[in-house]
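Tertiary structure, described
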Amino acid sequence: MLIVATVLVVTQAGSAYSAGKNPTTITTLKACEAAIQDTQEARAGNPDLGPKSAAVFDSLLELAAQRCKDGEYQYADDLLIVARGMVASE
């Protein structure tokens, strides 16, 4: 439930959510696609995700890819941050 709530906050929040944030480092479609690739590689290095979490992870990447295509790089970056957090090693 927490993951679903996080995804909803990131994807549905408007300018109020991103107003106080640092600017994204993603500024081009090529950089956005590279960030998605890096996130996919991070997932490949962490096979411990369960099936439900893996499905959420895949959904985050799909949404990020769509945001990249739409030129909404800040939102893509936000989604990728959540996805990378899911596979981060402690």
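These remarks concern the structure in this document. (Residues numbered from 1 in each chain as written. Predicted model: local features only at pLDDT ≥ 70, side-chain atom pairs only at ≥ 80, totals over all residues. Heavy atoms only, no water.)

**Here we look at the pattern of salt bridges**
Counted by the stated rule, this structure contains 2 salt bridges. Here arginine 67 ties to glutamate 72 by a salt bridge, and the two come within 3.6 Å at their closest N and O atoms. Judged by relative accessible area, glutamate 72 falls into the partly exposed class, the value being 33%. The salt bridge involving aspartate 77 is made with arginine 84; its shortest N-O contact spans 3.9 Å. On the accessibility criterion, aspartate 77 (11% relative accessible area) is buried. (Salt bridge = Lys/Arg side-chain N within 4 Å of Asp/Glu carboxyl O. Buried < 20%, exposed > 50% of the residue type's maximum accessible area, 1.4 Å probe, protein only.)

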